[in-house]
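Chain by chain, the residues run as shown.
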Amino acid sequence: MTEATLPTPDRTLDTSGSLCPYPIVETARAMKDLLPGAVLCVVATDPGIATDMPMWCRATRNDHLGTFREGGSWKSWIRKRGRP
Amino acid sequence: MISGGLDSTLALALVKQQGFEVKAVNFYTGFCITETQRRKGGRQDGTFPQNEALRAAADLEVDIEYVDISDSGYLDLIVNPRYGYGSNANPCVDCRVFMMRKAREIMEREGAAFVFTGEVVGQRPKSQRRDTMRLIERESGLRGRLVRPLSAKLLEPSIPEQEGLLDRSRLLDINGRSRQRQIRLARELGIAEWPQPAGGCCYLTDESFSRKFFDVLDAQEAAGEPRRIRKEDIVLLSTGRHFRLSGSAKLVVGRTEVENVILESYGEGRARLMARDLNGPVGLVEGSPSWEDRQLAAGIVARYGKGRPQPRVAIEWLEDGVVEVLDVAPEPDETRIESLRI
């Protein structure tokens, strides 16, 4: 999936400035409030998110739709597991 | 409880193999060497360490929860450990009790049957002795509910084993420091990846870090202040070269561009030193430096910058929004510098 074909997120979580593992901690918290099938976009400045987010999604069985770098920040798209 | 090391990964695999729904819990203390390396952009050899707990949970398809314990309660514990320190600043028994208490809360919240860890009897001199493992279980309130799958057959049967929920015959009797059996078991279970070398990644077990840790506490005590470690101290203690200028002042000098950025962000309440017209490190001075301390700090900062061969270097001393320029000679005496190094 390319960035252009990604769905519009239901929520965007900006974790800029927080260091690993907090972007993942905040992501886990945010996902609890979303409905199954909803899409979360996580913005982070910690480069660790590029490796952490796909692994966290694999562990928690959420869909990692993609992580893309934009200059000094990263954006991760995640779809919450389960049917909408 | 999972660190992502070989033992906790194997424990996770063994319990999962018995058909349990497992939740992995990873505690963030702030003292993890790997996390610090990641924050600084990777290791010195250019590689970027992965989060091993996440990797293990992902490989075994187990839900994982991070628990941040790096707050005042934990910091008080490491300054005043009831069961003392190991060979460095590592209060392993107290730390384990603290984590197990948190794990017990999670167990109760989740309605889980037991907590398990990758601990192995006799593997660590302080926290993984049979007597301390019993003590940790008792003090955490997990009596009978704390399972160590790798060494279970060497320990009293836990409640889930007695109740037949957990099949004791499929648990192990690993003992001691050798990891041969774990490596064999990893191959059998198809676990292909685990961090090397083994042995934990906690700064509190590191000799150099511990010297700096105790220096902070001792300096506070000498100044008549209570001994305490703040969250920001953890970052500073793992950043830069540290020099004890005098009983009342300490200097931290960045070693890399990333460390300089980190030190700059901790300038509040401290003096920040930088060469005015030349490239060089950022220095931070903590405490109440005398005139001599200030000259010495500026000389050391000048020595680690591009101005080292020059007779004089202008060092900017920024404190409370006011910049003062100190014109100093780069400190020439390496023996003196080394004697100040913490």
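1. Things to note about the overall build of chain A
Phase 1: When its secondary structure is counted, chain A shows two helices and four strands.
Phase 2: Order of helices (α) and strands (β) in chain A, N terminus to C terminus: β-α-β-α-β-β.
Phase 3: Its C-alpha atoms give chain A a radius of gyration of 12 Å, near enough to 12 Å, the size a compact globule of 84 residues would have.
Phase 4: Within chain A, the fraction of its 84 residues that count as buried is 35%.
Phase 5: The contacts of chain A with a sequence gap of at least 6 include a subset with a gap of at least 24, amounting to 62%.

2. Thoughts on the environment of R227 of chain B
Residue and element names in this part refer to chain B.
Phase 1: Tracing the chain through its elements places R227 in the loop between α9 (207–222) and α10 (231–237).
Phase 2: For R227, a count of 14 C-beta atoms within 10 Å translates into the label partly exposed.
Phase 3: With residues up to four places along the chain from it excluded, the contact list for R227 reads V79, L217, Q220 and E221.

3. What to know about the domain arrangement of chain B
Phase 1: Under the domain assignment used here, chain B contains domain 1 (6–203) and domain 2 (239–340).
Phase 2: Put simply, the middle of domain 1 of chain B and the middle of domain 2 of chain B, counted by C-alpha atoms, are 41 Å apart.

4. Some details on the interface of chain A and chain B
Phase 1: Counting residues at the interface gives 15 residues for chain A, matched by 17 residues for chain B.
Phase 2: Listed by contribution, the elements that provide at least two residues to the side of chain A that touches chain B are α1 (22–32) and α2 (49–60) of chain A.
Phase 3: Ranked by residue count, the leading element in the side of chain A that touches chain B is α2 of chain A, at seven residues.
Phase 4: In terms of residue class, the side of chain A that touches chain B is made up of nine nonpolar, three polar and three charged.

5. Quick word on α1 of chain A
Phase 1: Listed in full, the buried residues belonging to α1 of chain A are P23, I24, T27 and M31 of chain A. Down the axis, α1 of chain A shows its buried residues gathered within 95° of arc, on one side only. Exposed and facing more than 90 degrees away from the buried side of α1 of chain A are R29 and K32 of chain A.
Phase 2: Summarising the contacts, the buried residues of α1 of chain A are in contact with β1 (11–14), β2 (39–44) and α2 of chain A together with β2 (63–68) of chain B.

6. Observations regarding the nonpolar core
Residue and element names in this part refer to chain B.
Phase 1: One finds L12, A57, L273, A297, V301 and I315 to be the most contacted residues of the largest nonpolar core, which totals 102 residues.
Phase 2: It is helix α5 (residues 92–110) that contributes the most residues to this core, eight residues altogether.
Phase 3: Both domain 1 (6–203) and domain 2 (239–340) contribute no fewer than three residues apiece to this core.
Phase 4: When residues no more than four places from it in sequence are discounted, the contact partners of I315 are L273, A275, R276, A298, V301, A302, L326 and V328.

7. A closer look at unusual backbone geometry
Residues and elements named next belong to chain B.
Phase 1: Unlike most non-glycine residues, E61 shows phi in positive territory, near 50°.
Phase 2: Secondary-structure assignment places E61 in the loop between α3 (52–59) and β2.
Phase 3: Phi is positive for D320, close to 50°, though the residue is something other than glycine.
Phase 4: Checked against the element boundaries, D320 lands in the loop between β9 (313–319) and β10 (322–328).

8. Focus on the pairing of strand β7 (residues 271–275) of chain B
For a regular strand, side chains alternate in direction, first toward one face of the sheet and then toward the other.
Residue and element names in this part refer to chain B.
Phase 1: With four of five residues buried, β7 is to be regarded as a mostly interior element.
Phase 2: As paired strands, β7 and strand β8 (residues 283–287) are joined by three bridges and run antiparallel to one another. Within β8, the position partnered with A271 by the bridge is V285.
Phase 3: Here β7 runs beside β9; their pairing, made up of four bridges, is antiparallel. Each bridged residue has a counterpart across the sheet, and for R272 the counterpart in β9 is L318.

9. Some remarks on the sheet that holds strand β4 (residues 73–79) of chain A
Residue and element names in this part refer to chain A.
Phase 1: Strand order in this open sheet of four strands is β1-β2-β4-β3, and the pairing throughout is mixed. Looking at strand neighbours, the two that pair on one side only are β1 and β3 (63–70), the edges of this open sheet. Mean inter-strand twist for the sheet, computed between neighbouring axes without regard to direction, equals 15°.
Phase 2: Judged from the seven bridges that link them, β3 and β4 form a sheet pairing that is antiparallel. Looking at the pairing, G66 lines up with W77 of β4.
Phase 3: Contacting β1 and β2, α1 runs over the sheet at an angle of about 160° to β2.
Phase 4: Strand contacts of α2: β2, β3 and β4, with the helix running at about 175° to β3, the strand carrying the most contacts.

The rules behind these values
Residues numbered from 1 in each chain as written. Chains lettered and ligands numbered in written order. Predicted model: local features only at pLDDT ≥ 70, side-chain atom pairs only at ≥ 80, totals over all residues. Helix = DSSP H or I, 4+ residues; strand = E, 2+ residues; numbered from the N terminus. Rg over C-alpha atoms; globule rule 2.2 N^0.38 Å. Buried ≥ 20, exposed ≤ 12 C-beta atoms within 10 Å, placed from the backbone. Contact = placed C-beta atoms within 7 Å. Domains from an automatic or database assignment. Nonpolar A, V, L, I, M, F, W, Y, C, P; charged D, E, K, R; others polar. Arc of directions from axis to C-beta. Core = buried A, V, L, I, M, F, W, Y, C linked by C-beta atoms within 7 Å. Pairing = 2+ DSSP bridges. Axes fitted to C-alpha atoms, helices over the stretch in contact; angles between N-to-C directions.

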